[in-house]
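Each chain, letter by letter, is given below.
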Amino acid sequence: MDYSISNDINDINKRLLDEGVSFENKTILVTGGTGFLGSWVCDVLVKQKANCICLDNYASGSKDNIIHLINKNNFRFIYHDISKPIYFGISSHPNGICLSNIKKIDIVMHMASRASPFEFKDFPISILKSNTLGTMNALGIAKTHNALFFYTSTSEVYGDPPDDAIPTPESYFGHVNPVGPRSCYDESKRAGEAFIKAYELQHNLETKIVRIFNTSGPRIRYGPEFGRVVPNFIYQAINDLDITVFGDGSQTRSFLYVSDQIEGILKMVYNDNAIGEVINIGNDKEYTILELANVIIELTNSNSKVIFKGLPIDDPKRRSADIKKARNILNWEPKTPLKEGLKKTIQWFREQHKGN
Ligand SMILES: NC(=O)c1ccc[n+]([C@@H]2O[C@H](COP(=O)([O-])OP(=O)(O)OC[C@H]3O[C@@H](n4cnc5c(N)ncnc54)[C@H](O)[C@@H]3O)[C@@H](O)[C@H]2O)c1
């Protein structure tokens, strides 16, 4: 494993153990476990001596993110598309594949979904399926095993909130275009949340929904086409390419470093007071996109110039998380300053490019 990542994993583990958060001996299914956030979750769970079952179809994940875990006896990888049924602990089922040797699952963490704006155009149906059929299948597993169900929803369920809903609390219902270019993601996450509430009501399932705000760090996918602002800007800056800012750059976002996000997620999974709750995990500090571009140019010592392009349709004007619930229920708040998180991410990017 990359050195800076393993330091961060140790740090997250320490922060969790300091507050008594341990998943030792729990069997936890992580869908989307080879992706950016999912692989960090798997790393911490394996470190904590949980039995971690990582399910993924490599839609936007990578074997490289979990290769160091493959030979651990408390880690198992299952190649599967979660929008198709899968059953654990039984030997046959007419509707899908069965893994009879995994007898009991304690927690289902449904994280599988492509999440980059560029993918909304190329893979809208698979995104819709992951968050609707995939959520239903993952809920079915939780129901069969009487397991806790945890879902990674998104700040995008809020759409484009008005200024008086910034920072955005969980109680804001959203302002979302159901037929726009982003609707496959925004609306399927909303439908995923509705599925969860239905299983909670009808089957008394214990469920938790985290709404994740913009998070980045090592292992985030990067390249000119991946469409997430932080990796895009870093990629452009370290290659001295033009930095493409959409609109005039005055739109805002709030940025969280990955280790803060993973700590928040795992604290929420662990905490019984979060059962039945929806909680934002993100940052409440807003930066304009132009500010972000300039910070990244400074930190990378880049010769890149900022250029401006048209604003994408339905792009939210402001994004900032109201994190009062996370503070009160989870005793969680962001710890990593923007520049520190960016520096670690930039260092990881540079390591990926060594020898190229
Ligand atoms: N990173 C963020 O800032 C952010 C923000 C909001 C929400 N989220 C949510 O967090 C979760 C993880 O996001 P990420 O940033 O790690 O994205 P990612 O694309 O790196 O990871 C998603 C993972 O899900 C897998 N996957 C996708 N469809 C699948 C399917 N049908 N069956 C099995 N596996 C499938 C992919 O292969 C990948 O490994 C997603 O649900 C995403 O919507 C992330």
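Scroll up for the structure.
What comes next concerns the included structure. All of these numbers come straight from a predicted model, not from anything done at the bench.

Here we look at helix α7 (residues 229–238)
Count 3.6 residues to each turn of an α-helix, and residues three or four apart come out pointing the same way. Most of α7 sits inside the fold, with ten of its ten residues counted as buried. Along α7, the positions that sit buried rather than exposed are V229, V230, P231, N232, F233, I234, Y235, Q236, A237 and I238. Tucked into the core, α7 has its buried residues touching β9 (215–216), β10 (243–246), β11 (252–253), α9 (289–300) and α11 (338–353).

Overview of the site of the ligand
Residues in close proximity to the ligand total 28 residues, the closest being G32, G35, S60, G61 and A112. Put simply, the parts of the chain that give the shell around the ligand at least two residues each are α2 (36–47) and β7 (148–154). Of the residues forming the shell around the ligand, the biggest block, three residues, is contributed by α2. Considered class by class, the residues forming the shell around the ligand number nine nonpolar, 16 polar and three charged.

Comments concerning the pairing of strand β6 (residues 107–110)
Alternating positions in β6 separate into two faces, I107 and M109 on one and V108 and H110 on the other, with burial throughout. Note: strand β1 (residues 27–31) against β6, four bridges, orientation parallel. Its bridge partner lying in β6, V30 is registered against M109. Sheet topology note: the β6/β7 ladder contains four bridges and is parallel. If you follow V108 over to β7, its bridge partner there is F149.

A short note on the sheet that holds β6
Strand order in this open sheet of seven strands is β3-β2-β1-β6-β7-β8-β13, and the pairing throughout is parallel. For this open sheet the edge positions go to β3 (75–79) and β13 (278–281), each flanked by a neighbour on one side alone. Strand after strand, the sheet turns through a mean of 20° between neighbouring axes, direction not considered. The pairing of strand β2 (residues 51–56) with β3 spans five bridges and is parallel. Directly across from D56, in β3, lies its bridge partner Y79. Running at roughly 160° to β7, helix α6 (residues 183–203) makes contact with β7 and β8 (207–212) of the sheet.

Looking at the environment of T168
Tracing the backbone through its elements, the reader meets T168 in the loop between β7 and α6. Remark: the alpha-carbon pair of T168 and E119, spanning 49 residues in sequence, is separated by 25 Å. If we skip the residues at most four places from it in the chain, T168 touches S155, Y158, P161, S320, A321 and D322.

Rules and cut-offs
- Residues numbered from 1 in each chain as written.
- Predicted model: local features only at pLDDT ≥ 70, side-chain atom pairs only at ≥ 80, totals over all residues.
- Buried ≥ 20, exposed ≤ 12 C-beta atoms within 10 Å, placed from the backbone.
- Helix = DSSP H or I, 4+ residues; strand = E, 2+ residues; numbered from the N terminus.
- Contact = placed C-beta atoms within 7 Å.
- Near = placed C-beta within 6 Å.
- Nonpolar A, V, L, I, M, F, W, Y, C, P; charged D, E, K, R; others polar.
- Pairing = 2+ DSSP bridges.
- Axes fitted to C-alpha atoms, helices over the stretch in contact; angles between N-to-C directions.

These values are about where atoms sit, not about what they do.
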